[in-house]
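# Fold and geometry: a report
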Amino acid sequence: MSGVGATGPVVRPRRLRGSAPLRRLVAQTRLHPADLVLPVFVREGIEAPVEISSMPGVRQHTLESLVDEARACVEAGIGGIMLFGVPATKDARGSGADDPQGILNVATRAVVDAVGDRLVVMTDLCLDEFTDHGHCGVLATSADGRSIVDNDATLERYASMALAQAEAGAHVLGLSGMMDGQVAHVRAALDAAGHTDTLVLAYAAKYTSALYGPFREAVQSSLSGDRATYQQDPANATEALREIELDLAEGADFIMVKPAQPHLDVVAAAAEVSPVPVAAYQISGEYAQIVAAAERGWIDRDAAVLESLVHIKRAGAQIVLTYFALEIAGRL
Ligand code: PBG
């Protein structure tokens, strides 16, 4: 019991918060650069990096500036880098995604060549950056005449992408498309081709969100509509556990929850059941909210960034994907 006790002295939990060294000694959650993964964008056919207006401080990279960024991650002791490609041309089946000369695969080779044994190199495995309709899979027409994302036809495309990315040297493939059976399908394709050491990071619980808005600018997405038929409904928690269970059974090496801060309950639930490392992705809109409020002087940027990452880690994420990775690493 705290406060003024009728029978004894006042119990004083505040004593443990009395000085900075004490607070540091008793902190239960610590961030380390090695826990962090920096998501980066590389765009085909540009001469110089391009600022992303809805993500101030984040750029679409050229191949050269991307390699510099990867080197900076090594210097900062960051755990990994997640590569997203922005192709110059798109089509209905996302042909650029599994073309060995496609921007993401070329960039992967360049990054792995430069820093491959000092940084975990991850690639986004999804079609939305490469399709002209902007969906994460290929489209088909349903019996009643609607345009739908064809789950099983998409799995074939993902398998082909997986091989292209593994051949380019990616260490970890980030399966972000939310198709049913994608982990098992990609794992089988990798194993059959001898890529038994390539890891699969499953975006197991990926929720549909308005906070993906800035990312869509970053990859120049042509999506009209939404992804509600394949990404999870934010109203639901139980189905996240089902998705996690399936991805684990299908052989995921890591599982991820995304967006992170709106779904800390799901991060905590995942950490409780997962025998493999749990990651969480602080997405573009989570970044933009902090940056925009700080630009207006409404919140303190440094404090807000640190706090947000501590929350995500305290909830149970061992690994955090964040656009703040390089910014924060020097302060840890
Ligand atoms: C799909 C993918 C998306 C993000 C990561 N992988 C976009 C989406 O689902 O719409 C979003 C990341 C972010 O917002 O920072 N390729």
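Structure's up top.
Presented here is a report on the structure given in the accompanying data block. Because the structure is predicted, anything quoted here is derived from the model rather than measured.

Turning our attention to the pattern of salt bridges. One pass over the full model with this rule turns up nine salt bridges. A salt bridge links Arg146 to Asp144, with the nearest nitrogen and oxygen atoms 3.2 Å apart. In this structure Asp144 comes out as exposed when scored by relative accessible area, which is 57%. Residue Arg331 is joined to Asp302 by a salt bridge in which the shortest nitrogen-to-oxygen separation is 3.7 Å. Placement of the pair is Arg331 in the segment after α11 (325–329) and Asp302 in helix α10 (residues 301–315), with a sequence separation of 29 residues. Residue class for Arg331 comes out partly exposed when judged on its relative accessible area of 36%.

Another point: the site of the ligand. The local shell around the ligand holds 17 residues, among which Asp128, Lys206, Arg216, Lys258 and Tyr323 are the closest. Taking Lys206, its side chain carries an N or O atom lying 2.6 Å from an oxygen atom of the ligand. Between the ligand and the protein, one listed contact pairs an oxygen atom with a side-chain N or O atom of Tyr323 at 2.5 Å. Taking 400 Å² as the accessible area of the ligand by itself, protein coverage stands at 100%.

The side chains of a regular strand alternate between both faces of the sheet. With seven of eight residues buried, strand β1 (residues 36–43) is to be regarded as a mostly interior element. Relative to strand β12 (residues 319–322), β1 is paired through two bridges, and the arrangement is parallel. Bridge pairing in β12 links Leu36 to Val320. For β1 and strand β4 (residues 80–86), the ladder comprises seven bridges, and the chain directions are parallel. The residue of β4 that forms the bridge with Leu38 is Ile81. One ladder, built from two bridges, connects β1 with strand β3 (residues 59–61); its direction is parallel.

Reading the values: rules and limits
- Residues numbered from 1 in each chain as written.
- Predicted model: local features only at pLDDT ≥ 70, side-chain atom pairs only at ≥ 80, totals over all residues.
- Heavy atoms only, no water.
- Salt bridge = Lys/Arg side-chain N within 4 Å of Asp/Glu carboxyl O.
- Buried < 20%, exposed > 50% of the residue type's maximum accessible area, 1.4 Å probe, protein only.
- Helix = DSSP H or I, 4+ residues; strand = E, 2+ residues; numbered from the N terminus.
- Near = heavy atom within 4 Å.
- Polar contact = N/O pair within 3.5 Å; in protein donor to acceptor, adjacent residues only side chain to side chain.
- Areas by Shrake-Rupley, 256 points an atom, 1.4 Å probe, with all protein chains shown as cover.
- Pairing = 2+ DSSP bridges.

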